[in-house]
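Listed below are the residues making up each chain.
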Amino acid sequence: MSDDDQRDQIPAEPAAQAPEAPARAGGPEPEPIRFFGTTWMNHDGGYALLRVGLAVGSLVTAVAAAVLLRLAYEGLEIGNVGSFLSISVVVLFAIASSIAFVKTWDSFNRRPAPSSDEAALKGLKTIGFIGSLIAYFLRCLAEAPGEKLRRAEYERATAEFARRRGTRTGNPAARRPKRKK
């Protein structure tokens, strides 16, 4: 046998794998929220401080972005590009910000459908990022953004898990086969 044939017959050693986290047998896990992790579940681990910090941070970022846009508008005024272009830029950012606000606010209450227009609106939401920041700020005043949606999904999954676990009667492999009549 050649060396190639011998290598083909020798079983490969299993690759070294990182130790996996132990699976929880108690049911579904809560889905983490960006910046909050799973602290939204029990409102622990600095949850209130995170909410306040993110609310202030998103508001400060929105104000800084508005100042930056104001400077850009003044640059258009200095460049003497005409009133049509100046008004068009203001209207564009106002419309884009309002659409971004509405879409961001809706995303906190429901998940988008797989065939929805979210991907097509990504550019528009980027242009209207101030609206998204304001929506994030307002939601942080009440709860972690997306907390209500994820809590409802988690409670539904927990109830479904409990219902499935409750209907089990034992090990199906240990059951005796049914007698033929």
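Caption draft 1: Up close: the environment of Pro145. You can see Pro145 is positioned in the loop between helix H6 (129-142) and helix H7 (147-166). The spatial distance from the C-alpha of Pro145 to the C-alpha of Arg51 is 9.1 Å, given a sequence separation of 94 residues. Excluding residues that lie within four positions of it along the chain, Pro145 makes contacts with Ile33, Phe36, Phe108, Tyr136, Arg139, Cys140 and Arg150.

Caption draft 2: Highlighting the confidence of the model for the chain. In this model, the chain carries an average pLDDT of 81, and 82% of its residues clear a pLDDT of 70 or more. For the chain, per-element mean pLDDT is lowest for helix H1 (residues 3-9), which scores 53, and highest for H6, which scores 93. Segment residues 11-23: pLDDT under 50, and zero contacts once partners within four positions in sequence are set aside and those in other chains are kept.

Caption draft 3: Representation of the side chain of Glu143. As for its placement among the helices and strands, Glu143 is situated in the loop between H6 and H7. Within polar-contact distance, the side chain of Glu143 engages the backbone nitrogen of Lys148 at 3.5 Å. Beyond its immediate chain neighbours, meaning those up to four positions away, Glu143 contacts Tyr47, Arg51 and Lys148.

Caption draft 4: Quick peek at the nonpolar core. Ile33, Phe36, Trp40, Tyr47, Leu54, Ala55, Phe108, Tyr136, Phe137, Cys140, Ala144 and Tyr154 form the largest nonpolar core, which has 12 residues in total. Counting only elements with at least two residues in this core, the list comes to helix H3 (47-78) and H6. Discounting residues that sit within four places of it in the chain, Leu54 has contacts with Phe35, Phe36, Tyr136 and Cys140.

Caption draft 5: Molecular detail of the pattern of salt bridges. Under the criterion given, the structure shown has eight salt bridges. Glu74 is the partner of Arg70 in a salt bridge, and the nearest nitrogen-oxygen pair spans 3.3 Å. With Arg70 and Glu74 both in helix H3 and four residues apart, the pair spans about one turn of that helix. Relative accessible area serves as the criterion here: at 47%, Arg70 is assigned to the partly exposed category. A salt bridge links Glu153 to Arg111, with the nearest nitrogen and oxygen atoms 2.9 Å apart. Residue Glu153 is found in helix H7, and its partner Arg111 is found in the loop between helix H4 (83-107) and helix H5 (122-127); the two are separated by 42 residues along the sequence. Judged by relative accessible area, which is 22%, Glu153 ranks as partly exposed.

Caption draft 6: Region of interest: unusual backbone geometry. Of note in the backbone geometry, His43 takes a positive phi value of approximately 55° without being a glycine. Along the chain, His43 turns up in the loop between helix H2 (39-42) and H3.

Cut-offs applied
- Residues numbered from 1 in each chain as written.
- Predicted model: local features only at pLDDT ≥ 70, side-chain atom pairs only at ≥ 80, totals over all residues.
- Heavy atoms only, no water.
- Helix = DSSP H or I, 4+ residues; strand = E, 2+ residues; numbered from the N terminus.
- Contact = heavy atoms within 4.5 Å.
- pLDDT = per-residue confidence, 0-100.
- Polar contact = N/O pair within 3.5 Å; in protein donor to acceptor, adjacent residues only side chain to side chain.
- Core = buried A, V, L, I, M, F, W, Y, C linked by side-chain atoms within 4.5 Å.
- Buried < 20%, exposed > 50% of the residue type's maximum accessible area, 1.4 Å probe, protein only.
- Salt bridge = Lys/Arg side-chain N within 4 Å of Asp/Glu carboxyl O.

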